[in-house]
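Report on the structure
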Amino acid sequence: MPSLQHYSTFGLNASCTSISSFSDVSSFLSLYQPNLPTYILGGGSNSIFVGDFEGAVLVNEIKGITHYDTDTHHFLRVGAGENWHDFVALCMQNQWYGLENLALIPGSVGASPIQNIGAYGKEVNAFIDTVEVVMLTSGDKVLLSNQDCAFGYRDSIFKHKLAEKVLITNVNFKLPKDNVLEVSYGELSSLEDATPERIFEKVIEVRKSKLPDPLVLGNAGSFFKNPVVPLCTFEKIKKQYNNVPHFLVNASDEVAQQSGEPTMVKIPAAWLIDQAGFKGKEYNKVRCHPTQPLVLTNLGDARGEDVIALAKEIITSISALFAIKLEPEVRLIGSEGLITL
Ligand code: FAD
Ligand code: EPU
């Protein structure tokens with residue numbers, strides 16, 4: 001049974017039935033066995049194998065980048081197996097701006113629409129024109145529009161209706177030439193004379209100072225999503241913690257908007273976990289990161305059950321203290337495939 005340790009940035013020592021890579025659709029279809037549990041993998045930076053996976057892991061290496069432009073936009077067709085940060089850096093070199101806030105996010109271009117990657121005030125859905133997919137069951141090629149993808153905060157159709165039903169082969173980006181700079185988020189607001197290049201460099205600097213490097217310390221970035229709660233839940237917390245950090249967000253649900261439901265509030269999960277006293281806490285070889293408690297790290301030879309135990313303890317504690325249910329942002333894979341906590 002081959003080991004998955006080097007295929008996931010969290011680096012647990014789990015195995016699977018087989019690991020193969022493919023660089024085009026026909027080789028994918030020849031490897032794909034509909035009756036065998038299958039996990040499609042990019043860079044493994046959002047996937048934690050918490051047990052031995054009894055199935056095939058297929059690693060996407062579809063490459064290729066093409067570009068053309070019009071008076072108003074740059075259009076890029078990018079193979080799903082391209083590295084995300086290398087793609088952003090290429091855009092910067094060519095002055096195709098827009099993605100600068102999304103520098104240094106690990107992983108592949110093909111995974112970027114799946115959780116609608118975001119950082120420092122921008123989300124990738126603002127730049128995705130269409131997504132090319134192959135349906136796993138029929139092998140049919142389908143082109144999904146931006147709207148079809150139903151993007152939300154760390155969310156898309158690929159986590160719901162199309163979860164584990166498609167292979168993303170290419171992502172088509174549309175970068176406006178009248179790019180609007182975004183410098184409102186935290187550390188970026190101190191930037192003087194902001195340019196896309198300065199934002200790109202600053203984001204890299206901030207990320208390197210805050211987040212553990214997976215090559216040094218196994219991790220999968222934020223373990224949980226930041227909860228988005230109704231105003232009344234936020235007000236209750238504020239009574240006890242006057243300084244609770246928060247961001248107002250519009251209710252994304254159309255029905256809620258129509259019914260005049262109040263604005264929702266996003267509360268940083270890092271703050272909740274910090275208040276609950278987990279920062280720096282170790283559970284066997286899994287640690288809640290001392291400078292960013294939303295990240296769990298593998299101190300060496302952590303085991304899947306320890307990751308789950310610490311994550312459950314955090315969920316239970318936050319629920320008891322704040323009446324908020326944290327949801328994992330990472331994908332957890334057990335013996336038969338994706339699992340929930
Ligand atoms: P994988 O872990 O390989 O796969 C993720 C999911 O996508 C799995 O369900 C997999 O089955 C599926 N998948 C992958 N490729 C395909 C495909 N071609 N077709 C169909 N399904 C596919 N995320 C953010 O949004 N913002 C951040 O700021 C951020 N910072 C991070 C920092 C660190 C240090 C780390 C380790 C992670 C961070 N992440 C962040 C999370 C991660 O980088 C993103 O989720 C990234 O998009 C995952 O890419 P990947 O190729 O590694 O995905
Ligand atoms: N905080 C604390 N204690 C700490 C650290 C942070 O209370 O020790 C609070 C502070 O109030 C801080 C707030 O948490 O202002 C937010 O922290 P940070 O700016 O580091 O961002 P985050 O909300 O924890 C999110 C994303 C990251 C993304 C950053 C930057 C999610 C789940 N995470 O983290 O994405 O890089 O913002 O935009 O939305 C990822 O998805 O894997 C990821 C790393």
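Residues numbered from 1 in each chain as written. Chains lettered and ligands numbered in written order. Predicted model: local features only at pLDDT ≥ 70, side-chain atom pairs only at ≥ 80, totals over all residues. Heavy atoms only, no water.

**Focus: the pairing of strand β10 (residues 141-145)**
With 5 bridges connecting them, strand β9 (residues 128-135) and β10 associate as antiparallel partners. Note that in β10 the partner of Thr130 across the bridge is Ser145. Following β9, the chain reverses through 5 residues before pairing antiparallel with β10; Gly139 in that reversal takes a positive phi of roughly 80°. (Pairing = 2+ DSSP bridges. Helix = DSSP H or I, 4+ residues; strand = E, 2+ residues; numbered from the N terminus.)

**Examining the sheet that holds β10**
By way of backbone hydrogen bonds, the strands of a sheet pair with one another, either parallel or antiparallel. With antiparallel pairing, 5 strands are arranged side by side in an open sheet as β5-β6-β11-β9-β10. At either margin of the open sheet sits one strand with a lone partner, and together these are β5 (65-69) and β10. Across the sheet, the mean angle separating the axes of adjacent strands is 15° when strand polarity is ignored. Note that strand β6 (residues 73-79) and strand β11 (residues 166-176) share 7 bridges and pair antiparallel. Bridge pairing in β11 places Arg77 opposite Asn172. (Axes fitted to C-alpha atoms, helices over the stretch in contact; angles between N-to-C directions.)

**Looking at the pattern of salt bridges**
Tallied over the entire structure, the rule returns 12 salt bridges. A salt bridge links Asp69 to Lys177; the nearest nitrogen and oxygen atoms lie 2.8 Å apart. Taken together, the positions of Asp69 in strand β5 and Lys177 in the loop between β11 and α3 (196-210) put the pair 108 residues apart, joining distant regions of the chain. Judged by its relative accessible area of 38%, Lys177 falls in the partly exposed class. With its nearest N and O atoms 3.0 Å apart, the salt bridge here joins Arg154 to Glu329. Here Glu329 lies in the loop between α7 (304-322) and β19 (331-334) and Arg154 lies in the loop between β10 and β11, a separation of 175 residues in the sequence. (Salt bridge = Lys/Arg side-chain N within 4 Å of Asp/Glu carboxyl O. Buried < 20%, exposed > 50% of the residue type's maximum accessible area, 1.4 Å probe, protein only.)

**Structural notes on the domain arrangement of the protein**
When the domains of the protein are assigned, the result is domain 1 (5-60), domain 2 (65-176) and domain 3 (213-339). Taking only C-alpha atoms, the centre of domain 2 and the centre of domain 3 are 25 Å apart. The interface is formed by 5 residues belonging to domain 2 together with 7 residues belonging to domain 3. Linking domain 2 with domain 3 are 1 salt bridge, by the criterion used here. Across the contact surface, domain 2 and domain 3 share 3 residue pairs in polar contact (both at pLDDT 80 or more). Residues of the side of domain 2 that touches domain 3, tallied by class, amount to 1 nonpolar, 1 polar and 3 charged. (Domains from an automatic or database assignment. Contact = heavy atoms within 4.5 Å. Polar contact = N/O pair within 3.5 Å; in protein donor to acceptor, adjacent residues only side chain to side chain. Nonpolar A, V, L, I, M, F, W, Y, C, P; charged D, E, K, R; others polar.)

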